[in-house]
Each structure stands twice: as C-alpha cells, then as structure tokens.
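Coordinates in review
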Amino acid sequence: MTFSMQKTIAKEVSFEGKGLHSGKNCRVRLMPSRENTGIIFKRVDLPEDNIIPADFKYISNSNLCTTLKNYNGEAKIFTVEHFLAAIKGNDIDNILVECNSDEIPALDGSSLEFDKMIKKAGIHYQENSFKKYIVIKKKIIADNNRGSKITLSPSNEFKLKCLIKFPDPIGQQSIEFNKPLTDVYKEVFTARTFCFFKDIENMKNKGLAKGGNLNNAIVIKNEKVLNKNGLRDRNEFVKHKVLDIIGDFALGNYNLIGSINAICPGHDINKAIL
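These notes cover the structure that comes with them. Please read all numbers here as calculations on a predicted model, not as lab measurements.

With that out of the way, let us pick up the packing of helix α1 (residues 81–89) against helix α2 (residues 112–121). A pair of packed helices is characterised by two quantities: the angle between their axes and the separation of those axes. Packing of α1 against α2 brings their axes to within 9 Å, and their N-to-C directions diverge by 40°. If you check the angle between α1 and α2, you find them oblique. For the element pair α1 and α2, the recorded crossing hand is right-handed. Residue-level contacts link H82, F83, A86 and I87 of α1 to F114, D115 and I118 of α2. Across the contact of α1 with α2, the residue classes break down as five nonpolar, one polar and one charged.

This part is about the sheet that holds strand β18 (residues 224–225). Strand pairs in the sheet, formed through backbone hydrogen bonds, run parallel or antiparallel to each other. Pairing is mixed across the open sheet formed by three strands, whose spatial order is β16-β17-β18. Of all strands in the sheet, those with a lone pairing partner are β16 (194–196) and β18, marking the two edges. Pairing of β16 with strand β17 (residues 218–221) involves three bridges; the strand directions are parallel. Paired with F194 across the two strands is I218, which belongs to β17. Helix-sheet contacts for helix α4 (residues 197–205) involve β16 and β17, and the interaxial angle to β16 is about 95°.

Moving on, we come to a nonpolar patch on the surface. On the surface, a nonpolar cluster with roughly 260 Å² of combined accessible area is contributed by F197, L214 and L226. Its place among the elements puts L226 in the loop between β18 and α5 (236–249). Looking at L226, the relative accessible area reads 37%, which means it is partly exposed.

A few words on the packing of aromatic side chains. Counted under the stated rule, the structure contains nine aromatic pairs. With 5.5 Å between their ring centres and 80° between their planes, F83 and F114 make a pair best called edge-to-face. Of this pair, F83 sits in helix α1 while F114 sits in helix α2, and the two are 31 residues apart along the sequence. For the pair shown, F83 and F114 are each scored as buried. Ring centres of F166 and F196 lie 6.4 Å apart, and the angle between their planes is 35°; on these two criteria the pair is classed as tilted. Taken together, the residues F166 in the loop between β14 (159–165) and β15 (172–177) and F196 in strand β16 connect sequence positions 30 residues apart. Given a relative accessible area of 28%, F166 falls into the partly exposed group.

Enumeration according to the criterion identifies 17 salt bridges in this entry. Put simply, D93 and K131 hold a salt bridge, and the shortest N to O gap is 2.6 Å. Of this pair, D93 sits in the loop between α1 and β9 (95–99) while K131 sits in the loop between β10 (123–130) and β11 (133–135), and the two are 38 residues apart along the sequence. The two residues D93 and K131 agree in class, both being buried. Residue K186 is joined to D183 by a salt bridge in which the shortest nitrogen-to-oxygen separation is 3.6 Å. Here K186 pairs with D183, and both are found in helix α3 (residues 181–188), just three residues apart, close to one helical turn.

The next thing to look at is the sheet that holds strand β5 (residues 51–53). Spatial strand order, β2-β3-β9-β4-β5: five strands in an open sheet with mixed pairing. The open sheet has two free edges, formed respectively by β2 (13–18) and β5, since each of these has just one partner strand. Sheet twist, expressed as the mean angle between neighbouring strand axes with direction ignored, is 25°. Relative to β9, strand β3 (residues 25–32) runs antiparallel, the two sharing five bridges. Across the sheet, R29 pairs through a bridge with E98, a residue of β9. Packing of α1 onto the sheet brings it into contact with β2, β3, β4 (39–43) and β9, and relative to β4 it is tilted by some 140°. The sheet strands contacting α2 are β2 and β3, and the helix crosses β2 at an angle near 165°.

If you look at the biggest cluster of nonpolar residues, it comprises 63 residues, and the most contacted ones within it are L30, F41 and L68. Tallying contributions element by element places α5 first for this core, with seven residues. Those residues within four positions of L30 in sequence are excluded, and the remaining contacts are I9, K11, E12, V13, F15, F83, I95, L96, V97 and I118. Core analysis: the second largest hydrophobic core is formed by six residues, C195, I200, M203 and A209 among them.

Before going further, it helps to spend a moment on the layout of surface pockets. Taken as a whole, the largest pocket encloses approximately 1,100 Å³ of empty space. Every residue lining the largest pocket is counted, 43 residues in all, and those nearest its centre are L64, F194, C195, M203 and K241. Take the lining of the largest pocket: its biggest share by element is six residues, from α4. Of the residues in the lining of the largest pocket, the class split is 20 nonpolar, 15 polar and eight charged. By volume, the second largest pocket amounts to about 870 Å³. Lining the second largest pocket are 37 residues, and of these Y133, F158, N255, L256 and I257 lie nearest its centre. Elements supplying a minimum of two residues to the lining of the second largest pocket: β11, α3, α5 and β19 (255–257). Split into classes, the residues belonging to the lining of the second largest pocket amount to 23 nonpolar, eight polar and six charged.

What counts, and where the lines are drawn
Residues numbered from 1 in each chain as written. Predicted model: local features only at pLDDT ≥ 70, side-chain atom pairs only at ≥ 80, totals over all residues. Heavy atoms only, no water. Axes fitted to C-alpha atoms, helices over the stretch in contact; angles between N-to-C directions. Helix = DSSP H or I, 4+ residues; strand = E, 2+ residues; numbered from the N terminus. Parallel < 35°, antiparallel > 145°, perpendicular 65-115°, else oblique. Left-handed = near helix turned anticlockwise from the far one by under 90°. Contact = heavy atoms within 4.5 Å. Nonpolar A, V, L, I, M, F, W, Y, C, P; charged D, E, K, R; others polar. Pairing = 2+ DSSP bridges. Patch = residues over 30% accessible without salt bridge, like charges linked within 9 Å, V, L, I, M, F, W, Y side chains within 5 Å. Areas by Shrake-Rupley, 256 points an atom, 1.4 Å probe, with all protein chains shown as cover. Salt bridge = Lys/Arg side-chain N within 4 Å of Asp/Glu carboxyl O. Buried < 20%, exposed > 50% of the residue type's maximum accessible area, 1.4 Å probe, protein only. Phe/Tyr/Trp six-rings, centres within 6.5 Å; stacked < 30°, edge-to-face > 60°. Core = buried A, V, L, I, M, F, W, Y, C linked by side-chain atoms within 4.5 Å. 1 Å grid on protein atoms, 1.4 Å probe; cavity = no way out; pocket = protein on both sides within 12 Å on 5 of 7 lines; lining within 4 Å. Points joined across faces, edges and corners; volume = space filled by probe spheres on them.

As structure tokens, this is what we get:
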C-alpha cells in the first residue's frame, strides 16, 4: 500500500441554488481546512450549535436523501450525497462548508457543478499528515430483506460492483469497477438523480421534491424519459446509484480499501453498512 498525504482546497469558492426537496435557496461557501479536521458543515444562518460533522454517526434520516443533524441542537443539512461525492471524488480530506440554509443546492442533479467548483478552488497538499484508511479484513453484509444488500469484502485494492432493478425503461442495469475510487468517480459524476412521475405527488405530500424539475432530475413517465435531451449515458441510472454510494461512504471518514458489492442500493442500506 502506498500512503499519500491529506488534501484540502487551495482557495475559497462559493455557489448557490435551490434545494431539490425544500425548494429553498442556499448559498454555500467552501473554505480550506487544516489537517485531520475532515469535512465539516457549518450553518451560518444559525447563531449557535451550528456545526455538523460529515460523519455517518450524525445521519438522522435516509429517506430519498441523506440528512445530517448535530447532537446539541436543531442544526441539520440534507441532500448532501452528490456534493460529498464530488469532495471525495476529488480526493479532498479536509474542508469547511458554510451554508445559509438547510439543504445543499441540487444544481443539475449530479455532481457535475460541484466538481467545477472544487476544480476552480484547486487542490492544496497537506504535507504533514497522511491520509486515513480503513482496510476491510473480513466480509461484512448489510441486508434489509427487501431486496437491498451491500457486501464489503477484503481486497488489496478498491473494487465496486452495483446492480439495480427498476420498472422499464430502466430495467436491470449493472456496472463493475476495479480501479481507485477517484477514477470510478470520473466515470459517474455526471449521472443525475431520477424518479418516476407517478411518485412525485406522494413525495410532495411528504414535503419533498418542492424544488425538483427537469433541469435537476431525470423523470420517467409511461416508460419514457421526459427530459428534452434524454439521458447522458445509457447506464446513467446505475451510475447515479454508484455516485450516491461514493457520497454516502464519504461519511465513513476513511478511504476504504476493499470490495463493495451493492445490490439495489439506497441511502438506508448505505447507512446500514457504514
């Protein structure tokens, strides 16, 4: 194993947009952070108890998105997964993320726009601290007994397999990678979130999808994709599920060395394996 040094961004950058579920505008400022601090969210619209570590122990909800909430107060931040995928996909270890609302902007529904912001900020190598790794030594399984299952297995390098099953036109899709996570990310970061039109009313009745539209999600109706320009990739659906895995696994705080085999994954099962 070759150990490498921790990284943060080189300079401050900011962006803003509406949340997919809340529909509220949020301004986000990304700031460099010192070694061994990890990924930290800060709700600057709250006067106190406004720090939320990007750690799976702070996951409060996994229904259609990943929500983090701190222990001391009511501060939360949700729909973090696509943003975290861009952080992890760009090999960032330490960063401070200031937000003036409770949901990360949806932007285009993938990690593409977040990726542009991180590349605009640049990378700073922190030469005094090594990256942190977790090495899988034995098989670990999370199974919800409803069709979703994730298995972690020992491997000397990062591997990832993902299988999904949905009604047409998605059907069954699978994809497999045997390369570093940062290279996997490069193949999936433009894959957008998706939903079926018939589910939208139910989501809105639950207070979700208020900011959803054809510019930030793939929508399927009567076995057809409603988006004017169609799909970015024929495997965009399974690739988005891989993107979600990368984002949710960023909450594990370590760079994983092992094999991930995901069958019909979602945020709940991702949380369970963490």
